[in-house]
Amino acid sequence: MSTSVKRRRLLGRFISPIWMVLIAVVIIAAFISDRFLSPYNMVTVLQQGVVTGIVALGMTVVLIGGQFDLSTGAIVMMAAVMALVIGPSDPASIALAIILPLMSGAFIGAVNGLVVYKARANSIVATIGMQFFLFGAVLAGVSGQHVRTDNMAAGFSGLANAKLFGIPLPVYLFVVLVVVLSVVMDRTVFGRHVYGIGGDEEASRRAGIRVVWTGTLTFVLSGMLAALSGIFIASLVGNVDPSAIGGYAFPALTAVVLGGTSLSGGMGRPSDTAAAILVIAVINNVMTILNYQYPIQLLVQGVVLAGAVAFYSLRRVELAP
Amino acid sequence: MADVPFIQLTGITKHFGGVHALKGVDLSVAAGEVVALVGHNGAGKSVLVQILSGVFPPTAGEIRVNGQMTTFGSPVDARHHGIETIYQTLALADNLDAPANFFLGRELKTTLGFLDKKRMAREAAKALIELNPNLVDVERPVRQMSGGQRQAVAIARAIHFDVRLLIMDEPTAALGPHETAQVAELIKRLRAQGIGILLISHDVRDVMQLADRIVVLKGGQIVGSVVPSESSEDEVVDMIIRGRRLPAGRAE
Amino acid sequence: MTSPSLKALVIGLVIRTPLIPLLVLASFVPGFWSVGNLRTLAESVSIDGIVVIGMTIVMIAGGFDLAVGSVLAMGGVAAIVLLPYGLLASIVGSAVFGGLAGLLSGGFVTRLRINPFIATLAVMVIVRGATLAYTDTRPVVGLDDTFLALGGGYPLPYAFIAMIIIALLGHVLLSWRAWGRHVYAVGADERAAAMSGLAVSPIKLQCYGLSGLLAGLAGFLLAARLGTGSPIVGDATPLTAAAAALIGGASLRGGQGSIPGAMAGLLFVGSLVNLMNLLGMPSYYQRMVIGTMLIALVVIDGVLLRLRQR
Ligand SMILES: Nc1ncnc2c1ncn2[C@@H]1O[C@H](COP(=O)(O)OP(=O)(O)OP(=O)(O)O)[C@@H](O)[C@H]1O
Ligand SMILES: [Mg+2]
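In this report, the structure presented in the accompanying data block is examined. Keep in mind that what you see is a predicted model, and the values were worked out from it rather than measured. (Residues numbered from 1 in each chain as written. Chains lettered and ligands numbered in written order. Predicted model: local features only at pLDDT ≥ 70, side-chain atom pairs only at ≥ 80, totals over all residues. Heavy atoms only, no water.)

With that settled, consider the overall build of chain B. Looking only at helices and strands, chain B has eight helices and ten strands in total. What you see for chain B is a C-alpha radius of gyration of 19 Å, in line with the 18 Å of a compact globule of 252 residues. Taken along the three principal axes of its C-alpha coordinates, chain B extends 60 × 40 × 40 Å. Split into buried and exposed, the 252 residues of chain B put 54% on the buried side. In chain B, 64% of the contacts between residues at least 6 apart in sequence involve partners at least 24 apart. As displayed, chain B offers around 11300 Å² of accessible surface, 50% of which is attributable to carbon and sulfur atoms. Separation between the mean location of the 27 positive side-chain charges and that of the 28 negative ones in chain B comes to 4 Å. (Helix = DSSP H or I, 4+ residues; strand = E, 2+ residues; numbered from the N terminus. Rg over C-alpha atoms; globule rule 2.2 N^0.38 Å. Buried < 20%, exposed > 50% of the residue type's maximum accessible area, 1.4 Å probe, protein only. Contact = heavy atoms within 4.5 Å. Areas by Shrake-Rupley, 256 points an atom, 1.4 Å probe, with all protein chains shown as cover. Lys, Arg positive; Asp, Glu negative; His and termini not counted. Charge placed at Lys NZ, Arg CZ, Asp CG, Glu CD.)

And the structure:
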């Protein structure tokens, strides 16, 4: 008995239910539309998934620590606008257009982290407040105008558009990020401490973990990843309507929750979030193919979030002694 | 007692807003001494424990370790002095397994700087099985463990590292008679190794057997201190309830 | 009898909010004290004010309602769509739709034990998606004289009068009825409330239902004022409402707050926005200010908790 339990646990380590869901969703999608499996469409799915996925990875780490980062949508926008305003036309400005947004994302993450872990503010409301502040600040900065750059260097637009074996670069980067974050969360002291803080903040403090430092770092990571995602958007399309692209936090949160990260912290894996991101990207893609527009997609996402939360919370009630 | 006690508290006071949890407590524990702290619910025992282990600072008062004045800014500071604590609430992260809790905050690392999970699992299992042979499978979240098993994890963690003073806040509260006897054995063994022990308990009978000295706390004040061989269970219970000071000559 | 509520209002106005300095400052802005502008102020706070009342009750019960903004939009659309069936259908319909959305949130929170922020976030998105889908993302227009008249009112807007009446009713409910005591008890310590025999889940469900109902009603009044039901309004509403409730003494940990206090908070936020409008600041700056204010408020909320523990 003990060995079978062990084997099952070993299996569960690598394959969690969300990967099964992903396989199922892909099969269903292939039946619904034969366009779905076309190489061009697959690349589109991956490309869309990756932009939200990078945001979701950061939010996963924050949520494993027991907190929420809902300011990410605004950080994505801020980074995209910054990159375009800098106007990456030569190597020096390309570097600037990458470094400056990343540093700003890190800075905002640090503010979020200190507000949440040092001042003990409720993270949901505080980061929604931050989201509002950033939206206002960026819109004020560009007077509510569209932002575009006319002489984007090939080097910058290549960030998101260049392909290797037919697959865009960000997809590779995303895979690397998932692997690195999985190792960080599973194999390093930092990761272990994040799980500890999410499981029991007070116990972790008593065990000598630097809660404020570690917790703030999770927000810094989340801010930087959101900024990275914004840089990709800037590179991908070359122009941004700042009042229209704020909606990344919600699908990312949906993916994080769908991937099984516990809302009360202490449980979750970056790789499962990646699977969930793909599930959502596939669903959205099929809906687009079937000509269901944004409102329906939004509705479906809300239902998926509620359903996922309900599923996991009911399962947890069952598992509890 | 010629040499200085390992730890000495003088005039420790703690206020939580309007609540005066401790009002000028003096207490000392020497190496190899078992001091029992008894008192009613809400007497202030756990607050004293948390001050001693650096969870929060006292409002006023002095802490001396080996005669040296110190302040504990955090639990890490207390640990550096060899003060380990088993909290009444156990302070385990429910989502982590026993080895992870065991090494929480002082993880073992490989040469590359990654977590050395194998070594941590091995060491934790060894320490745990020594303490509680019924703990077969340690690699599951402590949430799924019984109260006694969780307690074993907390105790094993506290004594595994270089400990000079072990503080136990009701360590036997969740344990059956057999495990309670094991903890008693453990206390005797640690005492023989020269480790000081501050034992908080509601079980006066137990305490009479184990302690070198019993200190009674009531309403945030020490109302008396007795040596078990010179006192009786009834007298201690009386002190806990009435807070009556001992007649002169019998107090230490 | 009115002394505790009066005290909450006065404390809210004078101590917890820098309302007085704000109003003094406002005197230097030409036009602030004009009858026209005061009416504008009353009009602009009244819609949010009705939402604030529901939000405050939910927060006292230890919850939160992020869905009020999209429920407001849905209420407005429902009001216009139901207008052909009569004014009564329009009012009742928007309130009922709002109430149902609130019950959905309440159901998630009580039956499935979902964190209220996430539960109402999901409902917020579901309601927004449904409203956008139903209207095909375009505003719906309604032209009925009585309906449009309800959106006006001089010198006092009808919406403002409605807010005052609802606030009084809500205050009576919270302070004078056993139900109100129960709401505070549930918010302060849910387990203790359950152990002393209170029906915790139904009480919370009622609070969320009420919040949704009021948001729907606010949507009706907004539609009457604008003559259109827009599916995209209200994204700032939950934040404004939360800010007003927090300024008014509510806490994110429940068990605290009052409607008079929240009304004072609302007056502060409303005057601030009004001033910024008078000074010709674009709406982006208002977002920045509201965002900053919210962060500051939750920080204060956290600090207050720690002070109490010290
Ligand atoms: N963090 C805190 N904030 C406010 N008051 C506290 C805090 N911790 C303890 N108290 C108060 O201090 C007093 C002493 O509490 P303490 O936990 O030390 O009692 P105790 O002697 O350990 O009781 P028990 O036998 O029930 O464990 C109590 O009145 C308690 O309410
Ligand atoms: Mg205690």
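The interface is formed by 23 residues belonging to chain A together with 25 residues belonging to chain B. When the two sides are added together, the surface that chain A and chain B hide from each other amounts to roughly 2000 Å², 58% of it contributed by carbon and sulfur. Among the residues of chain A in contact with chain B, R187, R192 and R206 of chain A are the three that bury the most area, contributing 37% of the side total. If you look at where chain A meets chain B, you find one salt bridge. The salt bridge partner of D186 of chain A is K117 of chain B, with a shortest N-O separation of 2.8 Å. Broken down by secondary-structure element, the contributors of at least two residues to the side of chain A that touches chain B are α1 (2–14), α8 (169–187), α9 (189–199) and α10 (201–206) of chain A. (Buried area = accessible area lost by both parts, 1.4 Å probe. Salt bridge = Lys/Arg side-chain N within 4 Å of Asp/Glu carboxyl O.)

All names here are of chain B. Strand order in this open sheet of six strands is β6-β7-β8-β3-β9-β10, and the pairing throughout is mixed. Taken across any chain shown, the strands that pair with only one partner, and hence form the sheet edges, are β6 (83–86) and β10 (221–226). The average undirected angle you get between the axes of adjacent strands in this sheet is 20°. Sheet topology places strand β7 (residues 165–169) next to strand β8 (residues 196–200); five bridges connect them, and they run parallel. The residue bridging L165 from the neighbouring strand is G196, located in β8. Contacting β3 (34–38), β6, β7, β8 and β9 (213–218), helix α1 (residues 45–52) crosses the sheet at an angle of about 150° to β7. The strands touched by helix α5 (residues 147–160) within the sheet are β6 and β7, with β6 carrying the most contacts at an inclination of about 175°. (Pairing = 2+ DSSP bridges. Axes fitted to C-alpha atoms, helices over the stretch in contact; angles between N-to-C directions.)

It is worth spelling out the packing of aromatic side chains at this point. Residue and element names in this part refer to chain B. Tallied over the full model, the rule gives seven aromatic pairs over all chains. Ring geometry for F102 versus F161: centroids 6.2 Å apart, planes at 45°, classification tilted. Taken together, the residues span a long stretch of sequence, with F102 in helix α3 (residues 98–102) and F161 in the loop between α5 and β7 at a distance of 59 residues. The class for F102 is buried, based on a relative accessible area of 0%. (Phe/Tyr/Trp six-rings, centres within 6.5 Å; stacked < 30°, edge-to-face > 60°.)

Turning our attention to the sheet that holds strand β2 (residues 19–29) of chain B. Residue and element names in this part refer to chain B. A sheet is described by the order of its strands in space; here four strands give the open sequence β2-β1-β4-β5, paired in antiparallel fashion. Every interior strand has two partners, whereas the edge strands, β2 and β5 (68–70), have only one. Mean inter-strand twist for the sheet, computed between neighbouring axes without regard to direction, equals 30°. By the bridge criterion, eight bridges tie strand β1 (residues 7–16) to β2 in an arrangement that is antiparallel.

The next thing to look at is the interface of chain A and chain C. Of the residues lining the interface, 38 residues belong to chain A; the matching set on chain C comes to 35 residues. Summed over both partners, the interface of chain A with chain C buries about 3200 Å², with 85% contributed by carbon and sulfur atoms. Our count for the chain A to chain C interface comes out at zero salt bridges. Here chain A and chain C share one residue pair in polar contact (both at pLDDT 80 or more) between them. Those elements that provide at least two residues to the side of chain A that touches chain C are α5 (91–118), α6 (123–141), α12 (249–258) and α14 (294–319) of chain A. Of the residues contributing to the side of chain A that touches chain C, the split by class is 29 nonpolar, seven polar and two charged. (Polar contact = N/O pair within 3.5 Å; in protein donor to acceptor, adjacent residues only side chain to side chain. Nonpolar A, V, L, I, M, F, W, Y, C, P; charged D, E, K, R; others polar.)

Following the sequence through the fold, S105 of chain C ends up in helix α5 (residues 87–111). Look past the residues within four positions of S105 of chain C in its chain and what remains in contact with it is A67, A119, T120, V123 and Y208 of chain C.

Moving on: helix α11 (residues 200–226) of chain C. Residues and elements named next belong to chain C. Taking 1.5 Å of rise per residue, the 27 residues of α11 would be expected to cover 39 Å, and the 39 Å separating its terminal C-alpha atoms lies within 8% of that figure. Of all 27 residues in α11, 19 are buried, a share of seventy percent or more. Directly beyond the C-terminal end of α11, a positive phi value near 75° is found at G227. (Expected span 1.5 Å × (residues − 1).)

Bringing the packing of α5 of chain C against α11 of chain C into the picture now. All names here are of chain C. Direction vectors running N to C along α5 and α11 enclose 145°, while the axes themselves pass 6 Å from each other. Two packed elements cross with a definite hand, and for α5 against α11 that hand is right-handed. Its residues placed into classes, the contact of α5 with α11 shows ten nonpolar, 13 polar and one charged. (Left-handed = near helix turned anticlockwise from the far one by under 90°.)

The next thing to look at is unusual backbone geometry. With a phi close to 50°, N66 of chain B is a non-glycine residue in the positive phi region. In this fold, N66 of chain B is placed in the loop between β4 (60–65) and β5. Here R113 of chain C, not a glycine, exhibits a phi torsion of approximately 55°, which is positive. Secondary-structure assignment places R113 of chain C in the loop between α5 and α6 (116–135).

Moving on: the pattern of salt bridges. Residue and element names in this part refer to chain A. Tallied over the entire structure, the rule returns 18 salt bridges over all chains. A salt bridge links E202 to R206, with the nearest nitrogen and oxygen atoms 3.1 Å apart. Taken together, the positions of E202 and R206, both in helix α10 and four residues apart, correspond to about one turn of that helix. Taking the relative accessible area as the measure of exposure, E202 reaches 31% and is therefore partly exposed.

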